[in-house]
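Coordinate analysis (summary)
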Amino acid sequence: MRPRTRGGTAVTVDEEASTAVLNRLRRAQGQLAGVIAMIEAGRECKDVVTQLAAVSRALDRAGFKIVASGMRQCLSTAEGDAPPMTEAELEKLFLTLA
């Protein structure tokens, strides 16, 4: 998939965000394997749901990190006196919507 451009500049997940996204996705992958093992072992539903919720949070955080990275790039060239929002501020904002 070709990266979308903004004013001729490609908007991609930056290296710092990419590292965090990959770490979160790997965490979710491990947690999901744990959920599968729990179901196969016949663990209680409450335990399975709790672990599955952790997978969901890790996936949400990875997705929000991607969105925040893109938004930061888009806003970094914004005009005005105020500095653009930081990636951390954008990520926190998106996480409040979850």
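What comes next is a walk through the structure. (Residues numbered from 1 in each chain as written. Predicted model: local features only at pLDDT ≥ 70, side-chain atom pairs only at ≥ 80, totals over all residues. Heavy atoms only, no water.)

**Considering the overall build of the chain**
If you tally the helices and strands in the chain, you get three helices and two strands. Overall, the chain shows an N-to-C arrangement of helices and strands of β-β-α-α-α. For the chain, buried positions account for 23% of its 98 residues. In the chain, the proportion of contacts linking residues at least 24 apart, taken out of those at least 6 apart, comes to 58%. As displayed, the chain offers around 7100 Å² of accessible surface, 58% of which is attributable to carbon and sulfur atoms. (Helix = DSSP H or I, 4+ residues; strand = E, 2+ residues; numbered from the N terminus. Buried < 20%, exposed > 50% of the residue type's maximum accessible area, 1.4 Å probe, protein only. Contact = heavy atoms within 4.5 Å. Areas by Shrake-Rupley, 256 points an atom, 1.4 Å probe, with all protein chains shown as cover.)

**Notes on the side chain of Gln31**
Residue placement: Gln31 occurs in helix α1 (residues 15–40). Discounting chain neighbours no more than four positions away, the residues touching Gln31 are Gln51, Ala54, Val55 and Ala58.

**Thoughts on the environment of Gly34**
Note that Gly34 resides in helix α1. Gly34 gets classed as partly exposed once you look at its relative accessible area, which sits at 24%.

**Quick notes on α1**
The end-to-end C-alpha separation of α1 is 37 Å, in line with the 38 Å expected for 26 residues at 1.5 Å each. Listed as buried for α1 are Ala17, Ala20, Val21, Arg24, Ala28, Gln31, Val35 and Met38. Where α1 terminates, the next one or two residues include Gly42, which has phi positive at roughly 75 degrees. (Expected span 1.5 Å × (residues − 1).)

**Description of the nonpolar core**
Counting residues in hydrophobic clusters, the biggest one holds six residues: Ala28, Val35, Met38, Val48, Val55 and Ala58. Counting only elements with at least two residues in this core, the list comes to α1 and α2 (45–75). (Core = buried A, V, L, I, M, F, W, Y, C linked by side-chain atoms within 4.5 Å.)

**With respect to the side chain of Arg24**
In this fold, Arg24 is placed in helix α1. Judged by relative accessible area, which is 12%, Arg24 ranks as buried.

**Remarks on the pattern of salt bridges**
Scanning all chains against the criterion turns up one salt bridge. Put simply, Asp47 and Arg43 hold a salt bridge, and the shortest N to O gap is 3.5 Å. Judged by relative accessible area, Asp47 falls into the partly exposed class, the value being 31%. (Salt bridge = Lys/Arg side-chain N within 4 Å of Asp/Glu carboxyl O.)

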